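In case you want the letters, here they are:
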Amino acid sequence: MSARPRIGVLGGTFDPPHVGHLALARAARAALGLDALRLIPTGASWQKSGVVASAAQRAAMLQAGFAGEPGMMVDTRELARVGPSYTIDTLAELRAELGTEAALILVLGSDQLRNLATWHRWESLIGFAHLACTQRERVPLSGLPEPVERLVQAHGAQRLADAPAGSIVFFSMPPVPVSSTALRAALARGEDPAELVAPAVLHYIRQHHLYRGCAPASD
Ligand code: ATP
């Protein structure tokens, strides 16, 4: 077993955070033997328009939702960044801070993996971190877009390489059929989606009157 610290990175809009994010974070930490997992809310998301909650509110909801989770911390570095929020910049910053030895592991649901070739400097990500991917309910890991499939062919491994970066691994998690989009829609319909969201996050949403006026989206 390597003594190299393993630092996971889980980025997302978290608008709002839900039980799928929590299940993903827990599964990743256990399956990958992470020493720490950084939850990084995106600042100005360049791929998603229509983010409803403010950056500060999304960070506060993440804090509330993950409070007491061992080894997990909310990292708000992207929120302070001016201009679009690129994962490659975040990984470069973390690499500079954590040094050359630590293993950085970027955790991705299958929707994000499928989309990877649209990310800024996506082919350079593997130079900064390992990629650890899992199936998100109903979004297959098979039949990946060709450029992503080529990346997986080149870097896929049974387990994380004993290296700071460079391998792609897959881990499993129980399917959790929820998305922030569906949760926002349920809240906009005036429902009480207590099974989809941590009680502390729901409390924050109610207290700040969030998501009441969103147009219900189908998801
Ligand atoms: P939205 O519906 O607003 O697009 P989302 O539910 O997809 O949001 P994000 O904050 O964009 O949530 O997701 C952050 C990360 O969490 C991504 O890697 C995504 O694949 C993963 N993720 C989100 N929901 C689930 C889920 N139910 N199961 C597994 N992974 C998930």
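Conventions adopted
- Counting starts from 1 at the beginning of each chain's written sequence and moves along it residue by residue.
- Note on the predicted model: pLDDT of at least 70 is required for a residue's local features to be given, and 80 or more for side-chain atom pairs to be given and counted; whole-chain, interface and lining totals, by contrast, use all residues.
- To obtain the side-chain values, all non-hydrogen atoms of the structure were used and water was disregarded.
- For our purposes a nonpolar core is just a set of buried Ala, Val, Leu, Ile, Met, Phe, Trp, Tyr and Cys residues, chained together by side-chain atoms within 4.5 Å.
- Whether a residue is buried, partly exposed or exposed follows from its accessible area with a 1.4 Å probe, protein chains only, as a fraction of its type maximum: under 20%, in between, or over 50%, in that order.
- Only DSSP runs of H or I reaching four residues or more are called helices, and only runs of E reaching two or more are called strands; each is numbered from the N terminus.
- A contact between two residues is defined here by any heavy atoms of the two lying within 4.5 Å.
- Throughout this description, a polar contact denotes any pair of N or O atoms lying within 3.5 Å of each other; where both atoms belong to protein, one of them has to be capable of donating a hydrogen while the other can accept it, and for residues adjacent in sequence the pair is counted only when both atoms sit in side chains.
- Expected span of a helix, by definition, is 1.5 Å for each gap between consecutive residues, and there is one gap fewer than residues.
- Two strands are counted as paired when DSSP detects at least two bridges linking them.
- Look down the strands so they point away from you; if the path from the first strand over the helix to the second goes clockwise, the crossover is right-handed.

Now for the nonpolar core. By size, the foremost hydrophobic cluster in this structure holds 25 residues, and its most contacted members are Leu-106, Leu-108, Leu-116 and Leu-131. Looking at this core, the elements that each hand over two or more residues are strand 1 (6–12), strand 2 (36–41), helix 3 (87–98), strand 4 (103–109), helix 5 (125–128), strand 5 (130–134) and helix 6 (146–155). For Leu-116, the contacting residues outside a window of four places in its chain are Leu-108, Trp-122, Leu-125, Leu-131, Val-148 and Leu-151. Ala-23, Ala-27, Leu-32 and Leu-34 belong to the second-largest nonpolar core, a separate cluster that totals 24 residues.

All right, on to the side chain of Thr-134 then. Within the element layout of this structure, Thr-134 appears in strand 5. Polar contacts involving the side chain of Thr-134 include one to the main-chain carbonyl oxygen of Phe-171, which spans 2.8 Å. Sequence-distant contacts of Thr-134, that is, excluding residues within four places in its chain, are made with Leu-24, Leu-108, Gly-109, Ser-110, Leu-141, Phe-171, Ser-172 and Met-173.

This brings us to helix 1 (residues 19–32). Along an α-helix, a turn takes 3.6 residues, which lines up residues three or four apart on a common side. With 14 residues, helix 1 ought to run about 20 Å at 1.5 Å a step, and its terminal C-alpha atoms sit 20 Å apart, in line with that. Burial in helix 1 covers these residues: Gly-20, His-21, Leu-22, Ala-23, Leu-24, Ala-25, Ala-27, Ala-28 and Leu-32. Just past helix 1, the residue Gly-33 takes up positive phi, approximately 60°.

Locating Trp-122 in the fold gives a position in the loop between helix 4 (110–114) and helix 5. Residue class for Trp-122 comes out buried when judged on its relative accessible area of 12%. Remark: the alpha-carbon pair of Trp-122 and Thr-181, spanning 59 residues in sequence, is separated by 25 Å. Setting aside residues up to four positions removed in sequence, Trp-122 forms contacts with Leu-116, Ala-117, Pro-147, Val-148 and Leu-151.

Within a regular beta strand, the side chains point alternately toward one face of the sheet and then the other, so they alternate between its two faces. When you tally the buried positions in strand 5, you get five out of five residues, the bulk of the element. By the alternation rule, side chains of strand 5 split into His-130, Ala-132 and Thr-134 and Leu-131 and Cys-133, which are all buried. Relative to strand 5, strand 4 runs parallel, the two sharing five bridges. The residue bridging Ile-105 from the neighbouring strand is His-130, located in strand 5. Pairing of strand 5 with strand 6 (residues 168–170) involves three bridges; the strand directions are parallel. Within strand 6, the residue paired with Ala-132 across the bridge is Val-169. Handedness of the crossover is the feature at issue here: the chain leaves strand 5, passes through helix 6, returns alongside strand 6, and the resulting connection is right-handed.

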